[in-house]
Amino acid sequence: MGGAFVIMTVSTAAASHLLYREAWCLDNKRWDEWLALYTDDAVYWAPAMDGDEGWTDDPDNDVSLMYMDKAGLEARIFRIEGHDSCATDPLPHTAHLVTNVLVHGEEDGLIRVSATWIVHSYARMRGGSVRGGLYEYGLRETSDGLRIAAKKVFIHDDRIVGPIDIYNV
Amino acid sequence: MASARELVDDRPDDNIFRVNRAAFTDPVIFEQEMTEIFGRTWLYLCHESQVANHGDYVATRIGTQPVFVICGSDGEVRCFYDVCSHRGSRLTGRTSGSAKVLTCRYHGWCFNADGACTLVRGGDEAYRPEDLDRMGTDLNPIEQFGSYKGFLFGCLDADAPPLEEFLGGAIPFIDLMTDQAPDGMEILRGESRYMMEANWKLQTENSTDGYHVATVHRNFATTVGYRETLAPGGGDGMAKTEASRILSLEKINSGGYDVGNGHMINWADRGNPEAGPSWPQRDVLLERYPDGKVKWMLERGRTVTVFPNLLLNDVASSCIRVWRPVSAGLTEIETWCIAPKNEAPEARRARIRKYEDFFFPASLAVPDDVRAMEGAQIGSEALEDGWNDLALGHKTLVDGADEAAQELGVTPLNSNPGREVETPFFAFWREWAGRLSS
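Please read all numbers here as calculations on a predicted model, not as lab measurements.

Some words on the overall build of chain A
Point 1. A count of helical and extended segments in chain A gives three helices and nine strands.
Point 2. Starting at the N terminus, the α and β elements of chain A follow one another as α-α-β-β-β-β-α-β-β-β-β-β.
Point 3. The C-alpha radius of gyration computed for chain A amounts to 17 Å, which stays within 12% of the reference 15 Å derived for 169 residues, consistent with globular compactness.
Point 4. Considering only C-alpha atoms, chain A reaches an extent of 65 × 35 × 30 Å along its principal axes.
Point 5. Once local pairs closer than 6 in sequence are excluded, the contacts in chain A between residues at least 24 apart make up 53%.

In structure tokens form, the structure reads like this:
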């Protein structure tokens, strides 16, 4: 039975748990734990809008709002923790609502999961804002457990108010 | 309320140049700006690559007026008020799109891409022919529309001087961007539109302000520098940035120019020009253009701020930025990445990544700029009689061309060595005060 073919999948509960864990880390500013949820080869991608209904789909030829590898994610945390960016210091309080979690099965070696998000963000003195969109995840089982190898964030805001960063989408 | 002339305290003989902060906050001044500047000046609309084929259109606005740019059946690009000739509904349903026939969604009148009315629904039965003649059913073109090397501009004043006369001293610096592209330039897919709770003129100043870079963007430099230590090798070749140079104490050959008509230039020699996306074109460019011009193209980063609300930035990447006033305290900002057509994949990828690093509301730089300008807006409300004193660089200001300008063969009205100078702002504020006071 050598070379067994393994059908990769996870339960909705397991996928949801990882997505909720990520939201918890971001909302509680547990940055190192958040980074640890990503594989070393992870890709984090927030495409830009293209026309009224479309999104950019080729990061090598189109502009994205964010297109980062793990080093890019670590740099975002470095920027926050440096307290030298007037856009990220002070940070707003954020509350991620992650819902509609669906496991779609395996594709290209990753377990595909989609979800819907709303983030309420409150910056003192400036007030609150609500932003929403969709997530597409590519998850992978590792020796450390289920991890994020790909995350795609669709941000629905067209006239963006305030900064967009890893903590508020 | 003070007049615009009183808000700019410009006394060259006494070495005084100050701007009263009411210029950023006064709603009456804002109304004057809408009429006297945004109603009379050439304003950037879009790039020709966005309207390349019959029916392609971009909907935007000039000041408060909705307009759209569309490519006609004859291949000619025109700009019309975005208003149905019947009862004033906006015609375009999208921010951009393609339509050989535009149908008004209110009552169904149809217009072709050349602006001619092709259908008045039920018109034969209900209108007398002289009714339609009197009303005029075709779309109204804006008063003036023009292209400079693919950059499309519109102007609502039929008596304004021609586009190239208006661009004037900025033209050689615009050419430094477009002449890198033998096959022309194109806007890359991917939109960005964001709001700033601050006056539009703060963005005009910020776009050419070299003085804030070492403070506001210090964290950009350290963050990108840190990222490069995490990915040794990944930051080589064209991906290598020169962000860390922001923190360098070395004297960087740089300067600022007033090139007339309110246009401002800020430039600095690049740290590693060979990592620039157009560097592989250097030999071809040297055959075509004088050495001094090629040096300016590839070895000098430039910000070209065109009066009143356009930035062409050609430093690590290449960005078009337009900031459109909404009210005295609110501005809508839109940016695009522009690149030479048929660029090599590695160059294109590096250009895009560096653009995303800096120019978007999700980047490592623009959000800090926005917050800094919003802080300036709040502070501008604070004092009954607060003045911004723009004396930085007064000591080193010279009339005419410096050595670098001579290398390009241009003669600015004045030159100033060093990026950390405010004297280029004089160009903008003199034009601003002049237009509001005429």
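Read on, since the account is not over.
As for the overall build of chain B
Point 1. The helix and strand tally for chain B stands at 16 helices and 23 strands.
Point 2. The C-alpha atoms of chain B give 23 Å as radius of gyration, which agrees with the globular expectation for 438 residues (22 Å, within 12%).
Point 3. C-alpha extents for chain B along the principal axes are approximately 80 × 55 × 40 Å.
Point 4. For chain B, the proportion of its 438 residues judged to be buried stands at 48%.

A closer look at unusual backbone geometry
Point 1. In this structure, the amide linkage connecting A:Asp89 to the following residue, A:Pro90, adopts the cis form with an omega of 0 degrees.
Point 2. Take A:Pro90: it is sitting in the loop between helix 3 (70-81) and strand 5 (93-107).
Point 3. The omega torsion across B:Phe307 and B:Pro308 is -5 degrees, close enough to zero to call that bond cis.
Point 4. Relative to the helices and strands, B:Pro308 is located in the loop between strand 17 (300-306) and strand 18 (310-314).
Point 5. A positive phi angle, close to 55 degrees, is found at B:Asn261, a residue other than glycine.

What about the sheet that holds strand 10 (residues 117-119) of chain B?
Strand-to-strand pairing in sheets goes through backbone hydrogen bonds, with the strands running parallel or antiparallel.
Residue and element names in this part refer to chain B.
Point 1. The sheet built from three strands is open, its strands ordered 8-9-10 with antiparallel pairing. The open sheet has two edge strands with one neighbour each: strand 8 (101-103) and strand 10. If you compare each strand with its neighbour and ignore which way they point, the axes differ by 35 degrees on average.
Point 2. Across three bridges, strand 8 lies against strand 9 (residues 110-112) in antiparallel orientation. From the neighbouring strand, Val-101 faces strand 9, where its bridge partner is Asn-112.

A short note on the pairing of strand 7 (residues 127-142) of chain A
Residue and element names in this part refer to chain A.
Point 1. Note that strand 6 (residues 110-123) and strand 7 share 13 bridges and pair antiparallel. If you follow Ile-111 over to strand 7, its bridge partner there is Leu-139.
Point 2. Once strand 6 ends, the chain turns through three residues before running back antiparallel as strand 7, passing Met-125 with a positive phi of about 75 degrees.
Point 3. Sheet analysis places strand 7 next to strand 8 (residues 145-155), joined by ten bridges and oriented antiparallel. The residue bridging Gly-133 from the neighbouring strand is Ile-155, located in strand 8.
Point 4. The antiparallel pairing of strand 7 with strand 8 creates a hairpin that spans two residues between the two strands.

Digging into the domain arrangement of chain B
Residues and elements named next belong to chain B.
Point 1. Annotation of chain B at the domain level lists domain 1 (43-147) and domain 2 (168-437).
Point 2. Here the C-alpha centroids of domain 1 and domain 2 sit 35 Å apart.
Point 3. Tallying the contact residues gives six residues for domain 1 and eight residues for domain 2.
Point 4. For the side of domain 1 that touches domain 2, the leading source of residues is strand 3 (residues 43-47), giving three residues.

Remarks on the interface of chain A and chain B
Interfaces are often described in size by the accessible area the parts lose on coming together.
Point 1. Every contact between the two is made by 33 residues of chain A and, on the other side, 39 residues of chain B.
Point 2. Going through the elements one at a time, strand 2 (49-50), strand 4 (64-69), helix 3 and strand 9 (160-161) of chain A are the ones with two or more residues in the side of chain A that touches chain B.
Point 3. It is helix 3 of chain A that contributes the most residues to the side of chain A that touches chain B, six residues altogether.
Point 4. Looking at the side of chain A that touches chain B residue by residue, the class counts come to 16 nonpolar, seven polar and ten charged.

Observations concerning the sheet that holds strand 6 (residues 77-81) of chain B
All names here are of chain B.
Point 1. Pairing is antiparallel in the open sheet, where four strands are placed in the order 6-5-4-7. The open sheet has two edge strands, strand 6 and strand 7 (96-98), and neither has a second partner. Direction aside, neighbouring strands of the sheet carry axes that sit 25 degrees apart on average.
Point 2. Where strand 4 (residues 56-62) meets strand 5 (residues 65-71), six bridges bridge the pair, whose relative direction is antiparallel. Counted as the bridge partner of Arg-61 is Pro-66 from strand 5.

Examining the pairing of strand 14 (residues 192-196) of chain B
Point 1. Every second residue of strand 14 of chain B is oriented toward a common face, the buried set being B:Ser192, B:Tyr194 and B:Met196 and the non-buried set B:Arg193 and B:Met195.
Point 2. In terms of strand pairing, strand 9 of chain A meets strand 14 of chain B through two bridges, oriented parallel. In the sheet register, A:Val161 faces strand 14 of chain B, and the bridge partner there is B:Met195.
Point 3. The pairing of strand 14 of chain B with strand 20 (residues 330-340) of chain B spans five bridges and is antiparallel. Bridge pairing links B:Met196 to B:Thr331 in strand 20 of chain B.

Side note on the packing of helix 3 of chain A against helix 10 (residues 218-230) of chain B
Point 1. As a packed pair, helix 3 of chain A and helix 10 of chain B sit with axes 9 Å apart at the nearest point and diverge in direction by 145 degrees. The element helix 3 of chain A and its partner helix 10 of chain B pack so that their crossing is right-handed. Along its contact with helix 3 of chain A, which presents A:Ala71, A:Gly72, A:Glu74, A:Ala75, A:Phe78 and A:Arg79, the element helix 10 of chain B presents B:Asn219, B:Thr223, B:Tyr226, B:Arg227 and B:Leu230.
Point 2. Looking at the contact of helix 3 of chain A with helix 10 of chain B residue by residue, the class counts come to five nonpolar, three polar and three charged.

Some words on helix 14 (residues 366-380) of chain B
Residue and element names in this part refer to chain B.
Point 1. Spanning 15 residues, helix 14 covers 21 Å between terminal C-alpha atoms, matching the ideal 21 Å at 1.5 Å per step.
Point 2. Looking at helix 14, one finds that the buried residues are Val-366, Pro-367, Asp-368, Asp-369, Val-370, Arg-371, Met-373, Glu-374, Gln-377 and Ser-380.
Point 3. In this structure, the buried side of helix 14 is in contact with helix 2 (22-25), strand 14, helix 8 (200-207), helix 9 (213-216), helix 10 and helix 13 (345-358).

Description of the environment of B:Phe428
Residue and element names in this part refer to chain B.
Point 1. Assignment of secondary structure puts Phe-428 in helix 16 (residues 425-437).
Point 2. Residue class for Phe-428 comes out buried when judged on the 23 C-beta atoms lying within 10 Å of it.
Point 3. Distance from Phe-428 to Ala-376, taken between C-alpha atoms, is 18 Å for residues 52 residues apart in sequence.
Point 4. Phe-428 has contacts with Thr-204, Gly-262, Met-264 and Phe-307, leaving out every residue within four places of it along the chain.

A few points about helix 7 (residues 171-178) of chain B
Residues and elements named next belong to chain B.
Point 1. Considered for burial, the residues of helix 7 that qualify are Pro-172, Phe-173, Leu-176 and Met-177. The arc that holds every buried residue of helix 7, seen down its axis, measures 155 degrees, which confines them to one face.
Point 2. Taken together, the buried residues of helix 7 touch strand 16 (264-269), helix 12 (291-299), strand 17, strand 18, strand 19 (318-327) and helix 15 (403-408).

Rules behind the numbers
- Residues numbered from 1 in each chain as written.
- Chains lettered and ligands numbered in written order.
- Predicted model: local features only at pLDDT ≥ 70, side-chain atom pairs only at ≥ 80, totals over all residues.
- Helix = DSSP H or I, 4+ residues; strand = E, 2+ residues; numbered from the N terminus.
- Rg over C-alpha atoms; globule rule 2.2 N^0.38 Å.
- Contact = placed C-beta atoms within 7 Å.
- Buried ≥ 20, exposed ≤ 12 C-beta atoms within 10 Å, placed from the backbone.
- Pairing = 2+ DSSP bridges.
- Axes fitted to C-alpha atoms, helices over the stretch in contact; angles between N-to-C directions.
- Domains from an automatic or database assignment.
- Nonpolar A, V, L, I, M, F, W, Y, C, P; charged D, E, K, R; others polar.
- Left-handed = near helix turned anticlockwise from the far one by under 90°.
- Expected span 1.5 Å × (residues − 1).
- Arc of directions from axis to C-beta.

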